Amino acid sequence: MKGSARTVSENREARRLDLLSDCGNCFGLCCVALPFARSADFAVNKDAGKPCGNLGQDFRCGIHPQLRQKGFTGCTVFDCFGAGQKVSQVTFGGTSWREAPQSAPQMFEVFPVVRQLHELLWYLDEALGLDAARKLHGELRRAQDEVDGLAGGTAEELARVDVGAVRMRVSELLLKAGELARAAVPGKKRNHRGADLIGARLRGADLRGANLRGAYLIAADLTGADLRLADVVGADFRDADLRGADLTGALFLTQAQLNAARGDAATRLPDHLARPAHW
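Residues numbered from 1 in each chain as written. Predicted model: local features only at pLDDT ≥ 70, side-chain atom pairs only at ≥ 80, totals over all residues. Heavy atoms only, no water.

We now examine the overall build of the chain. For the chain, the count of helices and strands is eight helices and zero strands. Seen in sequence order, the chain has helices and strands lined up from the N terminus as α-α-α-α-α-α-α-α. Computed over C-alpha atoms, the radius of gyration of the chain comes to 19 Å, within 12% of the 19 Å expected from 2.2 N^0.38 for 279 residues, which places it in the range of a compact globule. Dimensions of the chain, computed from the C-alpha atoms along their principal axes, are close to 60 × 45 × 35 Å. The buried share of the chain, taken over its 279 residues, is 47%. A separation threshold of at least 6 residues defines the contact pool for the chain, and within that pool the share at least 24 residues apart is 44%. When the accessible surface of the chain is split by element, carbon and sulfur atoms take 51% of a total near 14000 Å². (Helix = DSSP H or I, 4+ residues; strand = E, 2+ residues; numbered from the N terminus. Rg over C-alpha atoms; globule rule 2.2 N^0.38 Å. Buried < 20%, exposed > 50% of the residue type's maximum accessible area, 1.4 Å probe, protein only. Contact = heavy atoms within 4.5 Å. Areas by Shrake-Rupley, 256 points an atom, 1.4 Å probe, with all protein chains shown as cover.)

Below, the discussion takes up the pattern of salt bridges. Counted under the stated rule, the structure contains 16 salt bridges. With a shortest N-O distance of 3.9 Å, Arg 208 and Asp 226 are connected by a salt bridge. Pair noted here: Arg 208 is in the loop between helix H7 (163-182) and helix H8 (255-260) and Asp 226 is in the loop between H7 and H8, with a separation of 18 residues, a long-range link. When its relative accessible area of 14% is taken as the criterion, Asp 226 is described as buried. Between Asp 231 and Arg 213 there is a salt bridge, with its nearest N and O atoms 3.1 Å apart. Separated by 18 residues along the polypeptide, Asp 231 in the loop between H7 and H8 and Arg 213 in the loop between H7 and H8 bring together distant segments of the chain. Take Arg 213: its relative accessible area is 7%, and that puts it in the buried class. Through salt bridges with shared partners, a single network forms among Asp 206, Arg 208, Asp 226, Arg 228, Asp 246 and Arg 268. (Salt bridge = Lys/Arg side-chain N within 4 Å of Asp/Glu carboxyl O.)

Counting 77 residues, the largest nonpolar core has Leu 29, Trp 97, Leu 217, Leu 222, Leu 227, Phe 237 and Leu 242 as the members making the most contacts within it. Mapped by element, the contributors of at least two residues to this core are helix H3 (83-91), helix H4 (104-128), helix H5 (137-151), helix H6 (155-159) and H7. Not counting residues up to four positions away in its chain, the partners in contact with Leu 217 are Leu 197, Leu 202, Leu 222, Ala 235, Asp 236, Phe 237, Arg 238 and Ala 240. With six residues, the next largest nonpolar core counts Phe 36, Phe 42, Cys 52 and Ile 63 among its residues. (Core = buried A, V, L, I, M, F, W, Y, C linked by side-chain atoms within 4.5 Å.)

It is worth spelling out unusual backbone geometry at this point. The phi dihedral of Ala 219 is positive, around 60°, even though this residue is not glycine. Here Ala 219 is to be found in the loop between H7 and H8. Relative accessible area serves as the criterion here: at 37%, Ala 219 is assigned to the partly exposed category. In the Ramachandran plot, Leu 229 falls in the positive-phi region, its phi being about 60° despite a non-glycine side chain.

This part is about the side chain of Asp 236. Relative to the assigned elements, Asp 236 resides in the loop between H7 and H8. Side chain to side chain, Asp 236 and Arg 238 meet in a polar contact 2.7 Å long. Those residues in contact with Asp 236 that lie beyond four places of it in its chain are Ala 215, Tyr 216, Leu 217 and Ile 218. (Polar contact = N/O pair within 3.5 Å; in protein donor to acceptor, adjacent residues only side chain to side chain.)

On to H3. Across the nine residues that make up H3, a large majority, seven, are buried. Among the residues of H3, those classed as buried are Ala 83, Gly 84, Gln 85, Lys 86, Val 87, Ser 88 and Thr 91. Looking one or two residues past H3, Gly 93 carries a phi angle of roughly 60°, positive in sign.

Given a rise of 1.5 Å per residue, 20 residues ought to cover 28 Å, and the 27 Å separating the end C-alpha atoms of H7 matches this to within 8%. If you check which residues of H7 are buried, you get Val 163, Val 166, Val 170, Leu 173, Leu 174, Leu 175, Ala 177, Gly 178, Ala 181 and Arg 182. In this fold, the buried residues of H7 make contact with H4 and H5. (Expected span 1.5 Å × (residues − 1).)

Working note: a packed helix pair is described by the angle between its axes plus the distance between those axes. Contact geometry of H3 with H4 gives a least axis separation of 8 Å together with a crossing angle of 130°. Taken together, the axes of H3 and H4 are oblique relative to one another. Relative to H4, H3 is oriented so that their crossing is right-handed. Within the contact between the two elements, H3 uses Ala 83, Gly 84, Lys 86 and Val 87 and H4 uses Met 107, Val 110, Phe 111, Val 114, Arg 115 and His 118. Tallied by class, the residues present in the contact of H3 with H4 amount to six nonpolar, two polar and two charged. (Axes fitted to C-alpha atoms, helices over the stretch in contact; angles between N-to-C directions. Parallel < 35°, antiparallel > 145°, perpendicular 65-115°, else oblique. Left-handed = near helix turned anticlockwise from the far one by under 90°. Nonpolar A, V, L, I, M, F, W, Y, C, P; charged D, E, K, R; others polar.)

Let's shift gears to the state of the cysteines. Linking two cysteines covalently via their sulfur atoms produces the bond known as a disulfide. Enumeration over the complete set of coordinates arrives at zero disulfides. Note on Cys 26: no disulfide assigned, nearest cysteine sulfur contributed by Cys 80 at a separation of 6.2 Å. The class of Cys 26 is buried, set by a relative accessible area of 13%. (Disulfide = S-S within 2.5 Å.)

And the structure:
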């Protein structure tokens, strides 16, 4: 049993590593494939398929250490969940869009598809780590195998994936897993699913076990708030104040969400996520 448990743990760690961005093995896909508009997040406009002016010949960002100061905050909060290196090194076998320009349209088309599939894999992996959702583990593993198989398909197969349908099926499972985990919090839990909480004053709020799926928490004051076991799938934390907040055990929290928020040394985080450098 000890050996089996160790193998499961090692396999999970390997899966997690595959879902972490590795820019050194990517052809700068997020800097080319995706569009962005001049705003508080980006200093300029850029069309999809057009390389960012800051992208070097080595596929590295020329202003990476100064992205926030140069007006590219949006770049600092983006996370491809390992899709960049997957498409670059696996789907297209290590041949870049510069080496084979004819492959560029297809490469840029499938990158967002793999990015969404890898995000789902991240959530499914977390759900499989929830003891409270053990009765769903069989379904979660089947979903994980299905999504992993889709993400490993050829460029032609990826272009045909109905990501919306896949997301819907997986989201239903994640919702069930989240509900089972949130049930550990006694009493009535807050339901703010999809709520407009932009700029909301939630300082010190008890949000334990709350449903915050898809909530708009842009610039919300969450200083000192308790978000343990809150389900935050898809919650928008851009510029939210998380100083002193407790997010240990927050369900389905991602690094991108943290990177988009503001926090400090007193903000408590899950062990598998890193404290953003700008906090």
